[in-house]
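# Chains, contacts and geometry: an overview
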Amino acid sequence: MPRIKKLFNFRESELKKKALELLVERGVTMDDLIELVLFLQKDYYPHISREMCLHNIERVLDKREIQNAIITGIQLDMLAEQKKLMSPLQQIIETDEGLYGIDEVLALSIVNVYGSIGFTNYGYIDKTKPGILEKLNDKESDETHTFLDDIVGAIAAAASSRLAHSQGK
Ligand code: MG
């Protein structure tokens, strides 16, 4: 089974590269992620720097399960944009139907990696939708970011949680 073997041999660095490329391609920059972490943490750590935020975001993006969540969610968004999903999944994802919920479940798999502070952070950022999250949620846009908005919020929440744990030591 050469195909399966090839998949499992996929180098970790290549997976990370693809995940990062997809984020940029879909309009999310490191600066956007830094802004979200600052938004979540500035009240708790007044001396927090952009470098600290970036460091924690990068460690989060090093995790294979998070890279997998990124490429899976973005792929579904892209297929929905290209109208290539089966019905009724096509309509559900295209219209970002509120009761679908699998976008949030995928995001929780990211948040999960860094423990319970991440859940609170994710819930808060998902409700307030600051910065890039507001842009990704623009209902007037032709783009589909049903999964991406939750993924981005979850990366910021996980990085904040990682930062909080590292400060507590
Ligand atoms: Mg969503």
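These numbers come from a predicted model, not from an experiment.

The next thing to look at is the coordination of the magnesium ion. A metal bound by six donors in octahedral fashion has ideal angles of 90 or 180 degrees, whereas one bound by four tetrahedral donors has an ideal angle of 109.5 degrees. Taken together, the protein donors to the magnesium ion comprise Asp103 (OD), Thr146 (O), Asp149 (OD) and Asp150 (OD), at separations of 2.1 to 2.7 Å. Along the chain, the residues donating to the magnesium ion fall in the pattern D-x42-T-x2-D-D. Of this pair, Asp103 sits in helix H7 (residues 102-111) while Asp149 is found in helix H10 (residues 148-168), placing the two residues 46 residues apart along the sequence. Judged by its relative accessible area of 7%, Asp149 falls in the buried class.

As a further point, take the environment of Leu36. The topology assignment puts Leu36 in helix H3 (residues 30-41). The exposure class assigned to Leu36 is buried, which follows from its relative accessible area of 1%. The sequence separation of Leu36 and Ile155 amounts to 119 residues, and the corresponding C-alpha distance is 9.3 Å.

Predicted coordinates in areas of low pLDDT are best not read in detail. Put simply, the protein has an average pLDDT of 92, and 92% of its residues get 70 or more. For the protein, the element scoring lowest by mean pLDDT is helix H1 (residues 2-8), at 55; helix H6 (residues 89-94) scores highest, at 98.

Turning our eyes to something else, we now look at the nonpolar core. Ranked by internal contacts, the top residues of the largest apolar core, which has 46 residues, are Leu23, Val28, Ile57, Ile70, Val152 and Ile155. If you tally residues by element for this core, the top one is H10, at 10 residues. Among residues more than four places away in sequence, those in contact with Ile70 are Ala19, Leu23, Leu61, Ile151 and Ile155.

Applying the stated criterion across every chain, the model contains 9 salt bridges. Here Glu81 and Arg26 are joined by a salt bridge, their closest N and O atoms 2.8 Å apart. With Glu81 in helix H5 (residues 64-81) and Arg26 in the loop between helix H2 (12-25) and H3, this pair connects stretches of sequence that are 55 residues apart. Judged by its relative accessible area of 29%, Glu81 falls in the partly exposed class. Assessed through its relative accessible area of 12%, Arg26 is described here as buried.

Mapping Asp32 onto the fold places it in helix H3. Each C-alpha atom, one on Asp32 and one on Pro130, is 10.0 Å from the other, the two residues being 98 residues apart in sequence. Setting aside its immediate chain neighbours within four residues, Asp32 contacts Gly27 and Ile132. For Asp32, the side chain forms a polar contact with the main-chain nitrogen of Thr29, separated by 2.9 Å.

Our focus in this paragraph is the packing of H5 against H7. Here H5 crosses H7 at 160°, and the two axes come no closer than 9 Å. In terms of orientation, H5 lies roughly antiparallel with respect to H7. The element H5 and its partner H7 pack so that their crossing is left-handed. When H5 is examined against H7, the residues Ile66, Ala69 and Gly73 are found in contact with a partner set consisting of Leu106, Ser109 and Ile110. Partitioning the contact of H5 with H7 into residue classes produces 4 nonpolar, 2 polar and no charged.

With their axes 11 Å apart at the nearest point, H3 and helix H8 (residues 116-128) run at an angle of 110° to one another. Put simply, H3 runs roughly perpendicular to H8. Listed contacts from H8 to Leu36, Phe39, Leu40 and Gln41 of H3 are Asn121, Tyr124, Ile125 and Thr128.

Counted under the stated rule, the structure contains 2 aromatic pairs. Ring centres 5.8 Å apart and planes at 10° place the aromatic pair Phe39 and Tyr124 in the stacked group. With Phe39 in helix H3 and Tyr124 in helix H8, the pair connects residues that are 85 residues apart, well separated along the chain. With relative accessibility at 25%, the residue Phe39 sits in the partly exposed group. For Tyr124, a relative accessible area of 45% puts it in the partly exposed group. Seen in terms of ring centroids, Tyr100 and Phe147 are 6.1 Å apart; in terms of plane orientation they differ by 85°. Their pairing is edge-to-face. Placement of the pair is Tyr100 in the loop between H6 and H7 and Phe147 in the loop between helix H9 (132-136) and H10, with a sequence separation of 47 residues.

The rules behind the values
- Residues numbered from 1 in each chain as written.
- Predicted model: local features only at pLDDT ≥ 70, side-chain atom pairs only at ≥ 80, totals over all residues.
- Heavy atoms only, no water.
- Donors = N, O, S within 2.8 Å, 3.2 Å for Na, K, Ca; no water.
- Helix = DSSP H or I, 4+ residues; strand = E, 2+ residues; numbered from the N terminus.
- Buried < 20%, exposed > 50% of the residue type's maximum accessible area, 1.4 Å probe, protein only.
- pLDDT = per-residue confidence, 0-100.
- Core = buried A, V, L, I, M, F, W, Y, C linked by side-chain atoms within 4.5 Å.
- Contact = heavy atoms within 4.5 Å.
- Salt bridge = Lys/Arg side-chain N within 4 Å of Asp/Glu carboxyl O.
- Polar contact = N/O pair within 3.5 Å; in protein donor to acceptor, adjacent residues only side chain to side chain.
- Axes fitted to C-alpha atoms, helices over the stretch in contact; angles between N-to-C directions.
- Parallel < 35°, antiparallel > 145°, perpendicular 65-115°, else oblique.
- Left-handed = near helix turned anticlockwise from the far one by under 90°.
- Nonpolar A, V, L, I, M, F, W, Y, C, P; charged D, E, K, R; others polar.
- Phe/Tyr/Trp six-rings, centres within 6.5 Å; stacked < 30°, edge-to-face > 60°.

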